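Each chain, letter by letter, is given below.
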Amino acid sequence: MIITSATNPKVKRLLGLRDRRDRDRERAFVVEGTRVVSRLFEAGRSISELYIDPDALDEADADLVNAVYASGVPVVELSGYVMDKVSYRDSGQSVLAVCPQWSTPLSSLKLSRNPLVLIVEAVEKPGNLGAILRTADAVGCDAVVVCDPVVDMFNPNVVRSATAVLFSLPVATASPDDVMAWLRSNKLQIVATTPDTDLLHWDANMRGPTAILMGAEDAGLTLRWIHDADVKVRLPMAGQADSLNVGAATAVVLYEAVRQRST
């Protein structure tokens, strides 16, 4: 039976999962759109329920729905009006999924022989965290570790801006003490980004096992990380701006590490 009322309990639950308190309580989150749900399914992540607008399905949507349904996931039909109501940003969606959250402990992260790891501390804006995850995936980071997270990884804007790499990229969250112990035990060089140094990022040697540290949008890295880092680097700033968006700065430093490792 198709759900046509926005007061239906299932619809209320979908709307509630926009709120972090509900996500944390249920340990669940929502994924929207055929492309992203497909990548979630292909990555082997669990789906609790699949919601569809049967009138909006095209052939690719139908193939996805059939595959998810065949795996034993319940499929719930929504009217176009209700689907637009529960879609977080875009109207006209045909598919969305409710999924259980997962956690990745530091001890489960598998590092390559010459790892490149990204550590981000207290990033506040979901769009920035999502963009950072995309960049880390693009450069081939072994893992991303989020210290003292302000925004949760399953925020709708993180899921949206990460464009599905969240489902396959190893991402752990941990306290600074645990992260520092893990970095030292794995013998990674710790490279901290800060304006308070003369060393430019391209002059630091990042060819060996390296962890790059990026701080929060407003305050940057906390003093603890600056003090304990093996190397401190800054980006050249030739104009009037005294800083870059944390997502842009992360991309610059990570791609410099990749450039060094490829030459």
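Residues numbered from 1 in each chain as written. Predicted model: local features only at pLDDT ≥ 70, side-chain atom pairs only at ≥ 80, totals over all residues. Heavy atoms only, no water.

1. Examining the side chain of D142
Phase 1: Topologically, D142 is positioned in the loop between α6 (126-139) and β6 (143-147).
Phase 2: Despite its burial, D142 pairs with no opposite charge, the nearest such side chain being R261 at 5.9 Å.
Phase 3: Residues contacting D142, with those up to four places away along its chain left out, are K110, L111, S112, P115, L116, V117 and P170. (Helix = DSSP H or I, 4+ residues; strand = E, 2+ residues; numbered from the N terminus. Buried < 20%, exposed > 50% of the residue type's maximum accessible area, 1.4 Å probe, protein only. Lys, Arg positive; Asp, Glu negative; His and termini not counted. Salt bridge = Lys/Arg side-chain N within 4 Å of Asp/Glu carboxyl O. Contact = heavy atoms within 4.5 Å.)

2. Re the nonpolar core
The nonpolar side chains of a soluble globular protein tend to be buried, and buried together.
Phase 1: In this structure, L118, L133, F167 and I212 are the most contacted members of the largest nonpolar core, which totals 53 residues.
Phase 2: A174, M180, A192 and L213 belong to the second-largest nonpolar core, a separate cluster that totals 22 residues. (Core = buried A, V, L, I, M, F, W, Y, C linked by side-chain atoms within 4.5 Å.)

3. Digging into the packing of α6 against helix α10 (residues 246-262)
Phase 1: Between α6 and α10, whose axes approach to 9 Å, the crossing angle comes to 10°. Comparing the axis directions of α6 and α10 gives the class roughly parallel. Residue-level inspection shows N128, I132, T135, A136, A138 and V139 of α6 in contact with α10, the latter providing V246, G247, T250, A251, L254, Y255 and V258. (Axes fitted to C-alpha atoms, helices over the stretch in contact; angles between N-to-C directions. Parallel < 35°, antiparallel > 145°, perpendicular 65-115°, else oblique.)

4. Digging into the environment of H227
Phase 1: Looking at where H227 falls in the secondary structure, it is placed in helix α9 (residues 223-228).
Phase 2: Each C-alpha atom, one on H227 and one on A192, is 9.3 Å from the other, the two residues being 35 residues apart in sequence.

5. A short note on the layout of surface pockets
In this approach the atoms are scanned with a rolling probe the size of a water molecule, which exposes any empty space left behind.
Phase 1: Roughly 600 Å³ of internal volume is contained in the largest pocket.
Phase 2: T193, T194, P195, G220 and S243 are the residues nearest the centre of the largest pocket, which is lined by 25 residues in total.
Phase 3: Among the secondary structure elements, those contributing two or more residues to the lining of the largest pocket are α9 and α10.
Phase 4: Broken down by element, the residue count for the lining of the largest pocket peaks at three residues, all from α10.
Phase 5: When grouped by side-chain class, the residues that make up the lining of the largest pocket number 14 nonpolar, six polar and five charged.
Phase 6: Considering the residues around the second largest pocket, the lining is formed by 18 residues, among which V31, E32, Q93, P156 and R160 are closest to the centre.
Phase 7: Of the residues that constitute the lining of the second largest pocket, the class distribution is nine nonpolar, three polar and six charged. (1 Å grid on protein atoms, 1.4 Å probe; cavity = no way out; pocket = protein on both sides within 12 Å on 5 of 7 lines; lining within 4 Å. Points joined across faces, edges and corners; volume = space filled by probe spheres on them. Nonpolar A, V, L, I, M, F, W, Y, C, P; charged D, E, K, R; others polar.)

6. Thoughts on the sheet that holds β6
Adjacent strands of a sheet form backbone hydrogen bonds with each other and so pair up, either parallel or antiparallel.
Phase 1: Judged by pairing direction, the sheet is parallel, and its six strands sit side by side in the order β7-β6-β5-β9-β8-β10 without closing on themselves. With one partner strand each, in any of the chains shown, β7 (171-174) and β10 (231-233) form the two edges of the open sheet. Adjacent strand axes in the sheet meet at a mean angle of 25° when their direction is disregarded.
Phase 2: Judged from the four bridges that link them, β6 and β7 form a sheet pairing that is parallel. Each residue of the ladder has a partner; that of V145, found in β7, is A172.
Phase 3: Lying on the sheet, α6 is in contact with β5 (116-121), β6 and β7; it crosses β5 at an angle near 175°.
Phase 4: Packing of helix α8 (residues 176-185) onto the sheet brings it into contact with β5, β6, β7, β8 (189-193) and β9 (210-214), and relative to β6 it is tilted by some 150°. (Pairing = 2+ DSSP bridges.)

7. A short note on the sheet that holds strand β4 (residues 95-100)
Phase 1: Across the sheet, four strands lie side by side as β1-β4-β2-β3; this open sheet has mixed pairing. Because the sheet does not close on itself, it has two edges, and the strands there are β1 (28-32) and β3 (75-77). Between one strand and the next, the sheet's axes are offset by a mean angle of 20°, whatever the strand orientation.
Phase 2: In terms of strand pairing, strand β2 (residues 49-52) meets β3 through three bridges, oriented parallel. Looking across to β3, one finds that I52 is bridged to E77.

8. Some details on the state of the cysteines
Phase 1: According to the stated counting rule, one finds zero disulfides in the structure shown.
Phase 2: We note that C141 lacks a disulfide partner, and the nearest cysteine sulfur, in C147, lies 15 Å from it.
Phase 3: Overall, C141 belongs to the buried group, its relative accessible area being 8%. (Disulfide = S-S within 2.5 Å.)

9. Looking at unusual backbone geometry
Phase 1: Positive phi, normally seen in glycine, also occurs at T163, with a value near 45°.
Phase 2: Along the polypeptide, T163 turns up in the loop between α7 (156-161) and β7.
Phase 3: Look at K187: it is not a glycine, yet its phi comes out positive at around 55°.
Phase 4: Relative to the elements of secondary structure, K187 occurs in the loop between α8 and β8.
Phase 5: For K187, a relative accessible area of 70% puts it in the exposed group.

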